[in-house]
Amino acid sequence: MAIKFQYNKTSLQQLEKQLKVRVRTLPIIKNKESALRMEVKRCKTEAAELEERLEKQIQAYEAMFALWNEFDASLIKVSDVHLGIKKIAGVRVPLLENVDFDIRPYSLFNSPKWYSDGIHLLKGLAQTAIEREFMLAKLNLLEHARKKTTQKVNLFEKVQIPGYQDALRKIKRFMEDEENLSKSSQKILKSIQEKRKEAEA
């Protein structure tokens, strides 16, 4: 990325201001990136744990597979999922607060004894599956934010800050050269004027 500038004091001051902003912002962005990196790592661990828990619950469900043909699946359904929002290093992520289930009344005398266990098992299965989905959504958001932040850190560190420093160096050199030329031309002019005065005298 080439930084556009002119060889004058105004451009020099603007570039110095831009450089200061980036130098001041860089440590903040680096901290954000490391916070997001740690959060992504933690989320991945939690997602793996939820995946494992879900697998175990599915295995428990499959162990009773023969009985599930008798079970009335319409007895239980998810009625509501309560969401919250949490900010992690400036990134808004969804937060699962609670899952509400609707359990239709059923006859304890006419239904098999294991129905209450079955409802409890399905409730746990649904809860874990929903938690896992939320964790994956959170992970995707955080991963995306981390990538963007890493790109910004690299842009500042490897492109913009060195670019501004280089541009400032060029302007300062140009202005020094211009000043030196001006001084030397003044000296030459002065010596010419002195020689004329001597010739006239």
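Each chain carries its own residue numbering, running from 1 in the written order of its sequence. In keeping with the model being predicted, local features are shown solely for residues with a pLDDT of at least 70 and side-chain atom pairs are shown and tallied solely at 80 or more, while totals for entire chains, interfaces and linings include all residues. Note that water and hydrogens are dropped before the side-chain values are worked out from all heavy atoms of the structure.

## Considerations on the pattern of salt bridges
Stage number 1. By definition, a salt bridge exists where a carboxyl oxygen of Asp or Glu is found within 4 Å of a side-chain nitrogen of Lys or Arg. Counted by the stated rule, this structure contains 14 salt bridges.
Stage number 2. Residue Glu-143 pairs with Lys-44 through a salt bridge whose shortest N-O separation is 3.8 Å. One end of the pair, Glu-143, is in helix α3 (residues 115–200); the other, Lys-44, is in helix α1 (residues 9–63), and 99 residues separate them in sequence.
Stage number 3. Assessed through its relative accessible area of 46%, Lys-44 is described here as partly exposed.
Stage number 4. In this structure, the salt-bridge partner of Arg-146 is Glu-143, at a minimum N-O distance of 2.9 Å. Taken together, the residues span about one helical turn, with Arg-146 and Glu-143 both in helix α3 at a distance of 3 residues. Exposure class is identical for Arg-146 and Glu-143. Each is buried. Working definition: helices are DSSP H or I runs of at least four residues, strands are E runs of at least two. Numbering for both runs from the N terminus. Buried means the residue's accessible area, taken with a 1.4 Å probe over protein chains only, is under 20% of the maximum for its type, while exposed means over 50%, and partly exposed covers the values in between.

## What about the packing of aromatic side chains?
Stage number 1. Working definition: rings of Phe, Tyr and Trp (its six-membered ring) pair if their centres are within 6.5 Å, and the pair is stacked with planes under 30 degrees apart, edge-to-face with planes over 60 apart, and tilted otherwise. This structure, assessed with the given rule, holds 2 aromatic pairs.
Stage number 2. Note on Phe-5 and Tyr-7: the rings are 5.3 Å apart at their centroids and 80° apart in plane angle, and the pair reads as edge-to-face.
Stage number 3. Here Phe-5 falls in the partly exposed class, since its relative accessible area comes to 24%.
Stage number 4. Between Tyr-7 and Phe-174, the aromatic rings sit 4.6 Å apart at their centres with planes inclined by 40°, giving tilted as the arrangement. Of the two residues, Tyr-7 is situated in the segment before α1 and Phe-174 in helix α3; the sequence distance between them amounts to 167 residues.
Stage number 5. Residue classification places Tyr-7 among the partly exposed residues on the basis of a relative accessible area of 42%.
Stage number 6. Classification of Phe-174 by relative accessible area gives partly exposed; the value is 33%.
Stage number 7. Put simply, the rings of Phe-5, Tyr-7 and Phe-174 touch in pairs and so form one group of aromatic residues.
Stage number 8. We note Arg-22 situated over the ring of Phe-156; from NZ or CZ to the ring centre the distance is 5.6 Å. Cation placement over rings: the criterion is NZ of Lys or CZ of Arg within 6 Å of the ring centroid and within 35° of the ring normal.

## Re α3
Stage number 1. A helix's residues, less one, multiplied by 1.5 Å, set its expected span. Along its 86 residues, α3 runs 124 Å from first to last C-alpha, staying within 8% of the 128 Å computed at 1.5 Å per residue.
Stage number 2. Think of it this way: the bend at a residue is just the angle between two axes, each fitted to seven residues, one set ending at that residue and the other starting at it. Most pronounced at Phe-156, the bend in α3 amounts to some 40°.

## Re the environment of Lys-77
Stage number 1. Tracing the backbone through its elements, the reader meets Lys-77 in strand β1 (residues 76–88).
Stage number 2. In this structure Lys-77 comes out as exposed when scored by relative accessible area, which is 53%.
Stage number 3. Residues Lys-77 and Glu-16, spaced 61 residues apart in sequence, show a C-alpha to C-alpha distance of 62 Å.
Stage number 4. When checking whether two residues touch, look at their non-hydrogen atoms; a contact exists if any pair is within 4.5 Å. Non-local contacts of Lys-77, meaning those with residues more than four positions away in its chain, are made with Asp-100, Phe-101 and Asp-102.

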